[in-house]
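Chain and residue survey
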Amino acid sequence: MSSSSSCSASKRTATTRTLTLRSVSPTPSRMEFDFDAIDEEDSPFPEVRASVSNIDDPDMPAMTLRMWFVGLVMCMASSGMNVFFNFRSPAPTIVPLALLLISYPFGKFLAFTLPITSYRIPLPYLPRFLLPMHQPSFPPFRLFVNLLLPLTLPRVVEVSMNPGPWNIKEHVLVYIMANVATGTPYALNAIVVSEVFYGIHLGYWFALTLVLATQLTGFGLAGLCRRFLVWPASMVWPQNLVACTLLNTLHAEDEDDGIGMYGAATGEGGKGMSRYRFFVIVASAAFVFFFLPGYLFEALSVFSFICWAAPNNVPVNQLFGVHSGLGMSILTFDWTQISWIGSPLMVPWWAEVHIFLGFVLFYWILTPILYYTNSWNLAYFPISANEPYDRFGNLYDVQRVLLPNDTFDEAAYNAYSPLYLPATYTMTYLLAFALSTCVIVHTLLYHGQSLLNGFKKIRVEADDIHAKLMRNYPEVPDWWYAIAFCIFFSIAIVTVEVWGTDVPVWGLCLAVLLPVVYILPSGFIYAMTGQGITLNILAQIIPGTLLPGKPLANMIFKAYSVQTLTAGTSFVQDLKLGHYIKVPPRATFMVQMISTVLVAFIQVGVKEWIFSNVHDICSPTQPSQLTCPHNEVFFTASAVWGLIGPTRQFGTGSIYHPHLYALIVGVFLPLPFWFYQRRYPKSWVRYVSTPVVLTGVSSIPPATGINYSSWFAVGFIFQYLIRKRNFAWWSKFNYVLSSALDSGTVISVMVIFFTLQFPRGGSIAVNWWGNTVHEQTADWHRTPLKPIPSGGVVWKGWTPTPTSLASATSTP
């Protein structure tokens, strides 16, 4: 029997078990039920009805041996590669949807080849004679005996390596593993920055315990929020609908749909191209093609052809450059550049329009205005960079303002230099301040009533069909999640105490209090509107104020607080996905917990190996492009908020004090659109979302202009033109195309690195014009518009001391 037919049979069987029937004719027949007379119950939300099945087969196996094998192998391999790519610029990423597609033929292959024999494994049990034959009279002893009595019964576990066709529940558990385990741990940024930029080396076990604590404290927190964020039907979680659609399509797909690579049938009565044939062709082509921009012709990646024609014209290089410019040249032939901020084939068109409009407004219009008018002395520094600068135009040397105990030295700071930010970084913080208030006001205006209704009926909301079907499975007790929360919070306490991180226990309690407070509001907003609440600014201001001058403490506080909320939201999202596919909740619990713990060892191990074996890592001239862009951004934030402190950077009299007025601007940004939409409900203004405009450009830095302009160009082709003109081809192949490009490119990057760049110390190189032309431009060298004046850049709020004047004369 084919997979599709077996799937249909299981669905029909499940229907007879779960749905209420109308009266049928008493006349005997071969059909027990009249399926046309079924009174079907479904979700009240049309988008859920279109994507999620409203039937279930409780007998379908989920936690099988082959599921664990496929899921753990793929998660460990992909998580290790994503940690490696995290240090590369540009960085491809193995996305969970790619693993969802790759695991499908893998699972089908195992279902076809593994033996179908079942094995009965006896479990050890207590001999009955060890317990008294009669109930003891002493109550505590009687309770103890009653607890042990079940352990005296012989039990066996039946195990089958091949319990039937590869099914949707096994498949979604593999995807849930990928979703929670393949992303690079946020805490690795703090570990790398402390080692590379501050010279603080705390070792492998510190890194491992910190990663485990930050990843899994949110897991316990997420489980305690299920009754609010998972079980109610009003918590839609629209991000899960794409995965549900793809899963249901794969497990009930009729390949003979007549849709081929170009959207036409291969012939009358012929068969259209399958998704997997398409995936293999595109992935293979992407693998081969990436050798051009990735090794043989690197100028195709940094395709700043206008800069090649005028290599010394600084404004032209700043506007049209790719390496450090604003990317107005648009073209690049490197998929890692195009997908740096996410695949343009996965983001809805309306969101792409919002994001690109925000990018044009803030980075193609406002940033050049501020830069070329030399606001905040921006013109003395590169227009786009990941690192902070001192007043002499050099990268900020944090070692000059650190005491031997790695805390801030104010006298040295006054003798050295304030910390200056490049133009794009300045704009990023300006938008972050505006977003922090804008998202709250927008949510209250547009979704306040919905949230209020949700709070009012959260405990009395009637179960939809999906919640009713999930009653067939035992629920995970809350105390399981509470114990997980306590265990991993305790690990966090051990981490900060044993390794002397300057984070007091009360600071750690405050760090975890932020996500505890924000998990429900963030979850409600994310589940209903697709917008989350970020803690980045808040998680840096609080430790910067309470623990001033301690960059390591600031980084650990931020990593723990931000990652607990992010991981908690991700875990809740996957719990809802398991809810939609009708996976036993205890299976989802085990998969999330075990995969995240095991993958943490791999991720920290890969990081340790890279920094022990790759020469010159995190250097701007690293030959394999392992320049650590994300870690540079994290370092800049640690210097701004942790070392120098928010008071010196943004307080009264500081150079960036005007940024605080963005908090007020953010309050009023949504108001005109809301009032206009209230006056004209049918106008296009109702589609405007100011938080999406502000937050969509938050990847700058380390992303640059080309990552947005080329991303939008590709998105326009696939998400607008092709979707509009050939929806059948788009719906069948678009997501597959994205995953194939990601997969083929990622494999090519690994092959190039380990066969051509890593051996012989990187001496295997192709030296010709196509690999050097982009390096002879002002764009590549990050040349600023204005030369540094004699004595350095001096701003009126900071007066150079005699010591600093002497150091200026000796600074090149």
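The shown structure was predicted, so the numbers you read here are calculated from the model rather than taken from an experiment.

With that out of the way, let us pick up the environment of Val665. Along the chain, Val665 falls in helix H27 (residues 662–668). Note on Val665: relative accessible area 45%, which makes it partly exposed. Here the alpha-carbon distance between Val665 and Leu435, two residues 230 residues apart in the chain, equals 9.3 Å.

Remark: helix H8 (residues 204–223) packs on helix H20 (residues 478–498), axes separated minimally by 8 Å, with the N-to-C direction vectors making an angle of 150°. By the angle class used here, H8 and H20 are roughly antiparallel. Relative to H20, H8 is oriented so that their crossing is left-handed. Only Asp478, Tyr481, Ala484, Phe485, Phe488, Phe489, Ile491, Ala492 and Thr495 of H20 make contact with H8, whose side of the interface consists of Phe206, Thr209, Leu210, Leu212, Ala213, Leu216, Thr217, Phe219, Gly220, Leu221 and Gly223. Taken together, the residues of the contact of H8 with H20 break down into 14 nonpolar, 5 polar and 1 charged.

Our focus in this paragraph is helix H30 (residues 705–725). In a regular helix each residue adds 1.5 Å, so 21 residues correspond to 30 Å; H30 covers 29 Å between its end C-alpha atoms and thus fits that length. Gly715 marks where H30 bends most, by close to 30°. For H30, the set of buried residues is Gly705, Ile706, Asn707, Tyr708, Ser709, Ser710, Trp711, Phe712, Val714, Gly715, Phe718 and Gln719. The elements touched by buried residues of H30 are helix H15 (335–338), helix H16 (349–372) and helix H31 (727–757).

On to the environment of Ser103, then. Residue placement: Ser103 occurs in helix H4 (residues 96–113). The exposure class of Ser103 is buried, given its relative accessible area of 0%. Sequence-distant contacts of Ser103, defined by excluding residues within four places in its chain, comprise Val70, Met74, Trp166, His171 and Val174. Looking at Ser103, its side chain comes within polar contact range of the side chain of His171, at 3.1 Å.

To continue, consider the nonpolar core. Membership of the largest hydrophobic core comes to 207 residues, with the highest contact counts inside it found for Tyr198 and Tyr429. In terms of nonpolar packing, the next biggest core, distinct from the first, is built from 5 residues, Ala299, Leu300, Trp308 and Val773 among them.

Running from N to C, helix H7 (residues 187–196) and helix H24 (residues 585–613) cross one another at 25°; their axes reach a closest spacing of 12 Å. Looking at the two axes, H7 sits roughly parallel to H24. Of the two elements, H7 crosses H24, and the hand of that crossing is right-handed. In this structure, H7 uses Leu188, Ile191, Val192, Glu195 and Val196 to contact H24, whose residues at the interface are Gln603, Lys607, Glu608 and Phe611. Across the contact of H7 with H24, the residue classes break down as 5 nonpolar, 1 polar and 3 charged.

Here we take up the side chain of His659. As for its placement among the helices and strands, His659 is situated in the loop between helix H26 (646–650) and H27. Apart from the residues lying within four places of it in its own chain, the contact partners of His659 are Trp376, Thr426, Tyr429, Leu430, Phe433 and Phe650.

On to a nonpolar patch on the surface. Taken together, the side chains of Phe289, Leu292, Leu296, Phe333, Val766, Trp768 and Trp769 define a hydrophobic patch exposed on the protein surface, amounting to about 620 Å² of accessible area. With respect to the element layout, Leu296 can be found in helix H12 (residues 291–296).

This next bit is on the state of the cysteines. What the rule picks out here adds up to 1 disulfide. Between the sulfur of Cys618 and that of Cys628 lies a disulfide, 2.0 Å long from S to S. For the disulfide bridge between Cys618 and Cys628, the dihedral angle about the S-S bond is near -75°, and by the sign convention the bridge is left-handed. Residue Cys618 is located in the loop between H24 and helix H25 (629–644), and its partner Cys628 is located in the loop between H24 and H25; the two are separated by 10 residues in the primary sequence.

Reading guide: rules and limits
- Residues numbered from 1 in each chain as written.
- Predicted model: local features only at pLDDT ≥ 70, side-chain atom pairs only at ≥ 80, totals over all residues.
- Heavy atoms only, no water.
- Helix = DSSP H or I, 4+ residues; strand = E, 2+ residues; numbered from the N terminus.
- Buried < 20%, exposed > 50% of the residue type's maximum accessible area, 1.4 Å probe, protein only.
- Axes fitted to C-alpha atoms, helices over the stretch in contact; angles between N-to-C directions.
- Parallel < 35°, antiparallel > 145°, perpendicular 65-115°, else oblique.
- Left-handed = near helix turned anticlockwise from the far one by under 90°.
- Contact = heavy atoms within 4.5 Å.
- Nonpolar A, V, L, I, M, F, W, Y, C, P; charged D, E, K, R; others polar.
- Expected span 1.5 Å × (residues − 1).
- Bend = angle between axes of the 7 residues up to and from the residue.
- Polar contact = N/O pair within 3.5 Å; in protein donor to acceptor, adjacent residues only side chain to side chain.
- Core = buried A, V, L, I, M, F, W, Y, C linked by side-chain atoms within 4.5 Å.
- Patch = residues over 30% accessible without salt bridge, like charges linked within 9 Å, V, L, I, M, F, W, Y side chains within 5 Å.
- Areas by Shrake-Rupley, 256 points an atom, 1.4 Å probe, with all protein chains shown as cover.
- Salt bridge = Lys/Arg side-chain N within 4 Å of Asp/Glu carboxyl O.
- Disulfide = S-S within 2.5 Å.

Purely spatial values, then, with no claim about function.
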